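Structural description and commentary
Here are the chains, one letter per residue:
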Amino acid sequence: MNAACTYLTHLLLPDFGDWRPILSVYYLTYACDFRCPYCSDGSGTPYFRLRSPVLPADRVMDLFGIIRRHCGYLVITGGEPLQHPEYAEILNRLPALRFRGVVLTTNGYLLDQALPAVTRSVTELVVSLQTLDSTKADIEYGRPGAHQRILANIELAANHPGRKYSIIISCVATPENLGDLHGVYQYARHRGFRLAVCPQLVGVKAHHALENNGEYREFFDFLIARKNEGALIQGTVDYLEYLRDLKKFKCRPFTMLVVAPTGEVCYPCLELGHHAGNLLDEPDLHRIRRSGFRRFGPQPDCGTQCHSACALGFARILANPLSILREGVLMASIKTSRAATPAVSFDSNPRR
Ligand code: SF4
Ligand code: SF4
């Protein structure tokens, strides 16, 4: 089933008993040498503190083969996925599975050595960047010189021969970097990268200092205005409004499949932390959903929480299908205008 049919299934049959993910997310490793203060899983634990064995490349490929039977789109994340000891072999073997899209998220520090494998297998490269202030960033990463190296690696990635991936700059808005966000926007815009901004989550909740924060809201108003003008901003306008207002939404966790490093399936989502079965032992995801239902109950009705790209993004395109149509029209108009004007433009106004 392709993504459009899967989307329609979720739209028209919301209580469908099978598990038909639109997107799968695999945590290749939780390990990460950085120490970002905003790093947090659904329980508030930083990923680098989670302890989990990693699978060898052969087993990861077995797991990806099973995931591929259920879903055409794969996100490889972490931790820092490029700290998996066999990440290059895994990425090099991935094209054989013919995923329709492969997203790799990374902090960018090891990206230079990974580029040949990334070029072979990845369609969207997501690099995290919170500020252009290297001193501030290095203190947050806990690693002197890291920020400059990451910026250099992004340039290498942008200019890598045979590049097929698009580059997305992923930015976490925290109470500490609100004054840096316009600079990150400018950085992405000038290089023709898409920008994705999400609020810092502490556990499942947006950081309390972002709620009703005028500077935070103003930045999302700015993003929405630029989006409507054709800037490359991740997410629909409706989604960006929910991020700005940090409003409650009806989550649809079965639009995604989230898999821990060892192959355990998170039920119904990473945030709730239940494991319903291991795909390497039980490759039938529908059976895993039924087992999860028996052990942990149905999809929960959660509070005002989880304003993340996947949870909120899928929830809103299902609650407001017209927002996708609007996004499609916007994208078509961007393509048309980019065909007529240079793709990269420099703007002297630092607020745009
Ligand atoms: S780079 Fe990512 S995984 Fe590593 S500490 Fe920072 S937020 Fe956590
Ligand atoms: S809001 Fe969604 S992602 Fe968050 S805990 Fe609830 S079901 Fe999971």
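Residue positions are given per chain, counting from 1 as you read along its sequence in written order. Key to labels: chains lettered from A, ligands numbered from 1, both in the order written. The predicted origin of the model limits local features to residues at a pLDDT of at least 70 and limits the giving and counting of side-chain atom pairs to 80 or more, whereas totals for whole chains, interfaces and linings rest on all residues.

Within the structure, ligand 2 sits among Val204, Cys251, Pro253, Pro268, Cys269, Glu271, Leu272, Pro300, Cys302, Gln305, Cys306 and Ala311. When grouped by side-chain class, the residues that make up the shell around ligand 2 number 10 nonpolar, 1 polar and 1 charged. Defining nearness, a residue is near a molecule or strand when the C-beta atom obtained from its backbone falls within 6 Å of it. In this count, Pro and Cys sit with the nonpolar residues alongside Ala, Val, Leu, Ile, Met, Phe, Trp and Tyr, while Asp, Glu, Lys and Arg are called charged and the others, Gly among them, polar.

Relative orientation of the contacting elements helix H4 (residues 111-121) and helix H6 (residues 146-158) amounts to 20°, with a least axis distance of 9 Å. When the interaxial angle is binned, H4 and H6 end up roughly parallel. As H4 runs across H6, the sense of the crossing is right-handed. Between H4 and H6, the residues in contact are Leu111, Asp112 and Leu115 and Asn153, Leu156 and Ala157, respectively. A class-by-class count of the residues in the contact of H4 with H6 yields 4 nonpolar, 1 polar and 1 charged. The axes used here are C-alpha line fits, helices contributing only the stretch in contact, and every angle between their N-to-C directions lies in the interval 0 to 180 degrees. Every helix listed is a DSSP run of H or I at least four residues long, and every strand listed is a run of E at least two residues long, numbered separately from the N terminus. Any angle between 65 and 115 degrees counts as roughly perpendicular, while under 35 counts as roughly parallel, over 145 as roughly antiparallel, and the rest as oblique. Put simply, a crossing is left-handed when the front helix is turned counterclockwise from the back one by less than a right angle, and right-handed when it is turned clockwise. This entry defines residue contacts through backbone-placed C-beta atoms, with two residues in contact when those atoms are within 7 Å.

Turning our eyes to something else, we now look at helix H8 (residues 214-228). What a helix should span is 1.5 Å times the count of its residues minus one. The first and last C-alpha atoms of H8 sit 21 Å apart over 15 residues, in line with the 21 Å expected at 1.5 Å per residue. Residues of H8 that are buried make contact with strand E5 (166-173), strand E6 (194-199) and helix H9 (237-245). Glycine 230 occupies a position one or two residues after H8 and carries a positive phi of about 110°.

What follows concerns the pairing of strand E9 (residues 256-259). In the case of a regular strand, side chains alternate between the two sheet surfaces. Burial is judged by counting other C-beta atoms within 10 Å of a residue's own C-beta: 20 or more means buried, 12 or fewer means exposed, and anything between counts as partly exposed, with every C-beta placed from the backbone. Side chains Met256 and Val258 project from E9 onto one buried face, and the interleaved Leu257 and Val259 project onto a second face that is buried too. Two elements, strand E1 (residues 23-29) and E9, share 4 bridges in a ladder whose sense is parallel. Residue pairing for E9: serine 24 is matched across the bridge by leucine 257. Any two strands with at least two DSSP bridges between them are considered paired.

Limitation: the analysis is restricted to geometry and does not speak to function.
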